[in-house]
Amino acid sequence: ANDGSLFQMCICACLLGREIQMPALVSLVFQIDVEVAKLLELKLRLGGDDVKHQFVLKTPKGTRDYNPKQMAIREKVFNTIVSCFKRHGAETIDTPVFELKETLTGKYGEDSKLIYDLKDQGGELLSLRYDLTVPFARFLAMNKISNIKRYHIAKVYRRDNPAMTRGRYREFYQCDFDIAGHYDPMIPDAECLRIVSEILGELDLGDFHIKVNDRRILDGMFAVCGVPDDKFRTICSTVDKLDKMCWEDVKNEMVKEKGLSEEAADMIGQYVSMQGGMDLAVRLLEDPKMSQSKQACAGLSDMKQLFSYLELFQVTDKVVFDLSLARGLDYYTGVIYEAMLGPAGATPPPPPPPQAGAPKAEESLSVGSVAGGGRYDGLVGMFDPKGRAVPCVGVSIGVERIFSILEQKAEAEKVRTTEVQVLVASAQKNLLEERLRLVTELWNAGIKAESMFKKNPKLLSQLQHCEESGIPLVAILGEQELKNGMVKLRTVATREEVRDSCVCVCVCNSLIAIKSRQC
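Labelled according to an unreviewed UniProt entry, the protein chain appears under the name histidine--tRNA ligase, originating from Gadus morhua. According to UniProt, the comment filed for the protein chain under the heading Sequence similarities (unreviewed entry) is "Belongs to the class-II aminoacyl-tRNA synthetase family."

Quick look at the structure:
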C-alpha cells in the first residue's frame with residue numbers, strides 16, 4: 001500500500017477505537033475510495049468549483065426584450081392611441097398586476113385555463129391578470145362608480161402557446177377604452193367602433209375592417225338551430241375559431257368533440273356564412289326561424305340602430321355585420337366586435353408546406369385581430385355585494401400585433417431613438433469647459449441637447465454622431481466664435497451654417513435662438 005492508503009488505514013483504526021485486521025482495514029479503505037470517487041464524479045457533473053455551470057441565456061418563453069428602435073416604434077404607437085382616447089374624453093386608471101384568484105375565476109370560459117396562478121405564499125390565492133376588463137369591473141364595484149369613460153394601458157399575462165412573429169405573447173400590453181354608465185342604446189357602442197377606426201387609420205396599417213355581431217343574436221341563432229342551452233357557451237367558443245379554422249374542422253369539433261347533432265351544426269353553418277350591414281339585420285328580422293327568438297330580435301333591432309349611428313360617425317365603410325364573429329369570453333352580453341387587417345371578406349391564403357432545410361415560418365403577415373371588444377352589462381354586478389349592475393362597453397387595441405407589423409415595415413428604415421435637437425461640438429482642442437457650459441444653458445432653456453464624453457473629440461466624429469443619431473442641429477464652438485460671443489449653428493442634413501444673431505446662440509447672455517429651429 002502507498003503512504004496515503006496507510007494513512008487512511010490508521011485514521012480508520014483510530015476512529016473505530018479498536019484493533020482491525022489488515023485485510024478488513026484494506027477492504028474498508030477501498031469502499032471509502034469508491035464512495036469518494038462517486039461523489040467527485042457527481043460534483044463534476046453538477047459543476048464544481050472549477051467547472052462553470054452552463055445555462056441558456058434567454059428570455060422566458062413567450063416574452064421578449066425591446067431594443068431602442070423597437071421602443072421608439074412602441075412609443076409612437078402608444079402616443080397615437082392615448083391621443084385618440086383623450087380626444088374622446090377618457091381619463092386613465094391603474095390596477096394591480098395580480099388579482100385575487102376568485103376575482104378572475106369563471107369569467108373567461110374555456111380560456112380560464114390560460115390564467116397564470118401564483119404560488120401560495122401562505123396568504124391569499126392570487127393570479128396574474130388575464131385582461132384589463134375584469135379588473136376594471138372589480139374597480140367599479142369596489143369604488144361604487146356608476147359612470148366613467150376610462151382608458152388603461154398595462155401588461156397582461158396568458159399561459160398561451162406563443163407565436164412571436166404574429167405578435168402573440170405570454171406577457172403583452174393591452175390598451176383598453178371603456179364607457180361605463182346608463183346611456184341610450186348603441187351610442188357608446190358606436191363611439192367605441194369609431195375609436196377603433198380612428199386608431200387603425202392613424203397608424204397607417206393598410207386596409208382593415210371591423211366585424212360586429214351581438215351575443216343575443218348568437219344565442220338566438222343557437223336556440224333556433226337546436227343547440228341545447230347547456231352547450232351555448234361551448235359551441236360559441238368553437239364558432240369563435242372560424243377565423244383560424246375552416247368550417248369543416250369547426251363542424252367536426254362541434255359534432256364529434258362537443259356532441260352537437262349534425263343537423264344543428266349544418267344549420268349554424270348556413271347562418272355563420274352571412275355578412276352584410278344594416279340590410280342583413282333587416283333581412284334576419286324577417287327570417288322565419290330567427291324571428292321566433294326574442295333574444296335575436298332584440299339584438300337585431302339594436303344592430304340596425306348601431307349602423308344608423310355608424311353612418312353618422314362616417315365609419316360604415318369599415319364595419320361589417322358578420323354572424324361568424326363569436327368572441328369566446330363569457331362576460332359579453334350584447335354587441336361584440338373585432339378588427340382585422342385586410343378588406344372585408346378577404347381570407348388569408350393557407351401557409352405553404354414547409355420545405356426541407358427551411359426555417360420554421362409563422363405567418364408573418366397574418367397576425368389575426370388587431371382590436372376587439374364588446375358590451376358586458378352584467379360583469380360589474382358579479383362583484384357588487386348587492387348585485388347592482390353597471391352597463392359597460394369597451395374595446396381593447398392589440399398593440400403587440402400592431403408592433404409586429406410596424407417593426408416589419410421599419411426593418412429597412414432608419415428610426416430615430418432619441419429626441420436630441422442639438423449636439424454641442426467643438427472645432428478645436430481644450431474647449432471642454434465651454435461645451436459643458438453651453439449644453440447646460442441649453443438644458444436650462446428646455447432644449448434637448450448633448451455633448452460627447454471626450455475632452456478633445458474630433459469634429460468629424462461629432463458630425464458623424466449627429467448623422468447616425470439623426471440629430472438635426474450642431475452648435476460648433478471655436479476660438480473665433482468664442483471671442484465674438486457667438487456659436488456657429490449648422491443644419492446637419494444640408495450642412496448649412498448660420499452666424500446671424502437672430503438664429504445663433506449668444507453665450508454671454510444665454511440667448512437661445514435654437515428654439516426657433518426646433519425639429
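## Quick notes on the overall build of the protein chain
On a plain count of helices and strands, the protein chain comes out with 17 helices and 16 strands. By residue count, 45% of the 519 residues in the protein chain fall in the buried class. Taking as baseline every contact in the protein chain between residues at least 6 positions apart, the subset at least 24 positions apart corresponds to 69%. As displayed, the protein chain has an accessible area near 28,300 Å², and 54% of this comes from carbon and sulfur atoms.

## A closer look at the pairing of strand S15 (residues 488-491)
Side chains of S15 alternate between two faces, with Lys488 and Arg490 and Leu489 and Thr491 buried alike. Here four bridges tie strand S14 (residues 473-477) to S15, and the two strands are oriented antiparallel to one another. Looking across to S15, one finds that isoleucine 476 is bridged to lysine 488. Two strands pair when backbone bridges link them, and S15 and strand S16 (residues 496-498) are joined in this way by three bridges, in the antiparallel orientation. Along S16, the bridge assignment pairs arginine 490 with glutamate 497. The hairpin turn running from S15 into S16, its antiparallel successor, is four residues long, and arginine 495 in that turn takes a positive phi close to 60°.

## Digging into the sheet that holds strand S1 (residues 91-92)
Taken together, the nine strands give an open sheet; going across it, the order is S1-S4-S5-S11-S10-S9-S6-S8-S7, and neighbouring strands pair in mixed fashion. Of all the strands in the sheet, just S1 and strand S7 (275-276) have a single pairing partner and so form its edges. Running at roughly 60° to strand S6 (residues 208-214), helix H7 (residues 215-224) makes contact with S6, strand S8 (319-322) and strand S9 (335-341) of the sheet.

## Some thoughts on the UniProt feature "binding site: L-histidine" (unreviewed entry) in the protein chain
Within this structure's numbering, the places UniProt gives as "binding site: L-histidine" (unreviewed entry) are Asp131, Leu132, Thr133, Arg158, Gln174, Asp178, Arg327, Tyr331 and Tyr332. By secondary structure assignment, the location of threonine 133 is in helix H5 (residues 133-142). Apart from residues no more than four positions distant in its own chain, threonine 133 is found in contact with Asp176, Tyr331, Tyr376 and Leu379. Take arginine 327: it is sitting in the loop between S8 and S9. There is a polar contact of 3.4 Å between the side chain of arginine 327 and the side chain of tyrosine 332.

## Some thoughts on the packing of helix H11 (residues 278-285) against helix H12 (residues 294-312)
Axis separation between H11 and H12 bottoms out at 9 Å; the angle between their running directions is 155°. Regarding the angle of H11 to H12, the classification is roughly antiparallel. In this structure, H11 meets H12 at a crossing whose hand is left-handed. When H11 is examined against H12, the residues Met278, Ala281, Val282, Leu284 and Leu285 are found in contact with a partner set consisting of Cys297, Leu300, Ser301, Met303, Lys304, Phe307 and Ser308. Of the residues belonging to the contact of H11 with H12, the class tally is nine nonpolar, two polar and one charged.

## Some thoughts on the confidence of the model for the protein chain
With 84% of its residues at a pLDDT of 70 or more, the protein chain shows a mean pLDDT of 85. Low pLDDT, under 50, characterises residues 348-365; the stretch is placed with 11 contacts to residues that sit more than four places away or in other chains. Note on residues 500-511: pLDDT under 50 across the span, and 26 contacts to partners over four residues away in sequence or across chains.

## Topic: the packing of aromatic side chains
Each aromatic ring pair is summarised here by two numbers: the centre-to-centre distance and the angle between the ring planes. In this structure the tally under the stated criterion is nine aromatic pairs. Aromatic side chains phenylalanine 85 and tyrosine 151 sit 5.6 Å apart centroid to centroid with 40° between the ring planes, which places their arrangement in the tilted category. One end of the pair, phenylalanine 85, is in helix H3 (residues 68-87); the other, tyrosine 151, is in strand S4 (residues 148-157), and 66 residues separate them in sequence. With respect to class, phenylalanine 85 is no different from tyrosine 151; both count as buried. Ring centres of tyrosine 108 and tyrosine 130 lie 4.3 Å apart, and the angle between their planes is 45°; on these two criteria the pair is classed as tilted. With tyrosine 108 in the loop between helix H4 (101-104) and strand S3 (126-128) and tyrosine 130 in the loop between S3 and H5, this residue pair connects regions lying 22 residues apart in the sequence. Among the aromatic residues, those joined into a cluster by ring pairs are Tyr108, Tyr130, Tyr331, Tyr332 and Tyr376. Directly above the ring of tyrosine 66 sits arginine 74, whose terminal nitrogen or CZ lies 3.9 Å from the centroid.

## Topic: helix H8 (residues 232-239)
Burial within H8 is extensive, with six of its eight residues counted as buried. Among all positions in H8, only Phe232, Ile235, Cys236, Ser237, Thr238 and Val239 are buried. The inward-facing, buried residues of H8 contact H7, helix H9 (247-257) and helix H10 (262-272).

## Brief notes about a nonpolar patch on the surface
Together, Ile32, Val36 and Leu40 make up a nonpolar patch on the protein surface, roughly 250 Å² of accessible area in all. By the element assignment, leucine 40 lies in helix H2 (residues 22-46).

Conventions we followed
Residues numbered from 1 in each chain as written. Predicted model: local features only at pLDDT ≥ 70, side-chain atom pairs only at ≥ 80, totals over all residues. Heavy atoms only, no water. UniProt positions renumbered as here; feature names shortened; annotations may be inferred. Helix = DSSP H or I, 4+ residues; strand = E, 2+ residues; numbered from the N terminus. Buried < 20%, exposed > 50% of the residue type's maximum accessible area, 1.4 Å probe, protein only. Contact = heavy atoms within 4.5 Å. Areas by Shrake-Rupley, 256 points an atom, 1.4 Å probe, with all protein chains shown as cover. Pairing = 2+ DSSP bridges. Axes fitted to C-alpha atoms, helices over the stretch in contact; angles between N-to-C directions. Polar contact = N/O pair within 3.5 Å; in protein donor to acceptor, adjacent residues only side chain to side chain. Parallel < 35°, antiparallel > 145°, perpendicular 65-115°, else oblique. Left-handed = near helix turned anticlockwise from the far one by under 90°. Nonpolar A, V, L, I, M, F, W, Y, C, P; charged D, E, K, R; others polar. pLDDT = per-residue confidence, 0-100. Phe/Tyr/Trp six-rings, centres within 6.5 Å; stacked < 30°, edge-to-face > 60°. Lys NZ or Arg CZ within 6 Å of the ring centre and 35° of its normal. Patch = residues over 30% accessible without salt bridge, like charges linked within 9 Å, V, L, I, M, F, W, Y side chains within 5 Å. Salt bridge = Lys/Arg side-chain N within 4 Å of Asp/Glu carboxyl O.

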